[in-house]
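The chain contents come next:
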Amino acid sequence: VGIPDSNLRFRQHLNNEMAHYACDCWDAECKTTYGWVEIVGCADRSCFDLNAHAKATSTKLVAQQKLDTPITREITEVTLNKAAVGKAFKKQAGQVTEAIHNMSDEDKLKMQEQLESDTYKLVCGDDSYEITPGMVAKVARVSKTEHVREFVPSVVEPSFGIGRILYCVLECNFKVRENDEKRTWLDLPALIAPTKCSVLPLSSCEDFQPFVETLSAQLRKLGIPCKVDDSSGSIGRRYTRTDEIGIPFGITVDFDTLKFQTVTVRDRNTCTQIRVPVSETADLINKLCTAQMTWTDAKGKYPEFTSQETV
């Protein structure tokens, strides 16, 4: 989009500026006259959102993947005495039960070992509960065959600041002609320029009009946005106007067009021109705008224009 690599960087957020929902975050930044400006933020939200919804709604929010080959693994399973747990913890019984089932195998075995001679302190967030031997009926290693893998999907959230991006594109592409500060131009790459080509009759000569109409129709047929400027200003002034709004290429219909069926094609960046047959002009502009051909390639194929032969 015309922003130099030296004006772009990725910056990782420090821990003290990280959003509460993100486990990592990077900003794409562009260097402007205002300094480094964030234009894209990429936050690794992990599974924060689904876990939060699952906790709030007591609903299992997981994705499932069918396994081609079933997997058998050993797990530690805890069987609780529901009556004893319910009597001891009442409204918190469900929370305690879920916390025990979600413990790692290592913690379940550690709890079993402690319950053989003492009670076990179960920590759930800011709360803690005392688990007694009578609340646990059995802790055993069992084999479990899985045909489906369940997982909570993670999310990477990119956030684009469209207004900032457009500003950076415009600032980085704003140029001034060498030795002429009054002549400014917008160096938008042809791929993103809103208008790709201008069609300019050299003067108000009526004989130019059929060529202007034919060329603009051929460009539109190829999906190339073009602008016809048949105002009374000089051709140089009209070139300057098209340069200021970032039009990459300009076609000029002149008196040689009437005699030789050729037009000039002008490159905005270098201000150089070549002479091209009318029948090949639309295809040439299409190739230039879609990066199938460079301006250097075009200058090698067609003669450079310096002045009209017909006056």
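As the structure is a prediction and not an experimental result, all values here were calculated from the model.

Caption draft 1: Inspection of the overall build of the protein chain at higher detail. From N to C terminus, the protein chain includes 10 helices and 15 strands. In summary, the protein chain has a C-alpha radius of gyration of 35 Å against a globular reference of 19 Å for 311 residues, an excess of more than 25%. Oriented by its inertia axes, the alpha-carbon framework of the protein chain measures out at about 110 × 45 × 30 Å. Burial analysis of the protein chain (311 residues in total) assigns 35% to the buried set. Contacts in the protein chain between residues far apart in sequence, at least 24 positions, make up 61% of those at least 6 positions apart. Total accessible area on the protein chain is roughly 19100 Å²; 52% of this is exposed by carbon and sulfur atoms. The protein chain carries 38 positive and 44 negative side-chain charges, and their two centres are separated by 3 Å.

Caption draft 2: Structural detail: the packing of aromatic side chains. Overall, the coordinates contain 4 aromatic pairs when judged by the stated rule. Here the guanidinium or amino end of Arg 9 rests over the ring plane of Trp 36, the centre of that ring lying 4.2 Å away. The ring of Trp 185 carries the charged tip of Arg 177 above its face, separated from the ring centre by 4.4 Å.

Caption draft 3: Representation of the sheet that holds strand S8 (residues 155–160) in the model. Taken in spatial order, the 4 strands line up as S1-S2-S3-S8 in an open sheet, and their pairing is antiparallel. In this open sheet, the two strands that pair with only one neighbour each are strand S1 (8–12) and S8. Sheet twist, expressed as the average angle between the axes of neighbouring strands with direction ignored, equals 25°. Direction of pairing for S1 relative to strand S2 (residues 24–32): antiparallel, over a ladder of 5 bridges. Within S2, the position partnered with Arg 9 by the bridge is Glu 29.

Quick notes on the rules
Residues numbered from 1 in each chain as written. Predicted model: local features only at pLDDT ≥ 70, side-chain atom pairs only at ≥ 80, totals over all residues. Heavy atoms only, no water. Helix = DSSP H or I, 4+ residues; strand = E, 2+ residues; numbered from the N terminus. Rg over C-alpha atoms; globule rule 2.2 N^0.38 Å. Buried < 20%, exposed > 50% of the residue type's maximum accessible area, 1.4 Å probe, protein only. Contact = heavy atoms within 4.5 Å. Areas by Shrake-Rupley, 256 points an atom, 1.4 Å probe, with all protein chains shown as cover. Lys, Arg positive; Asp, Glu negative; His and termini not counted. Charge placed at Lys NZ, Arg CZ, Asp CG, Glu CD. Phe/Tyr/Trp six-rings, centres within 6.5 Å; stacked < 30°, edge-to-face > 60°. Lys NZ or Arg CZ within 6 Å of the ring centre and 35° of its normal. Pairing = 2+ DSSP bridges. Axes fitted to C-alpha atoms, helices over the stretch in contact; angles between N-to-C directions.

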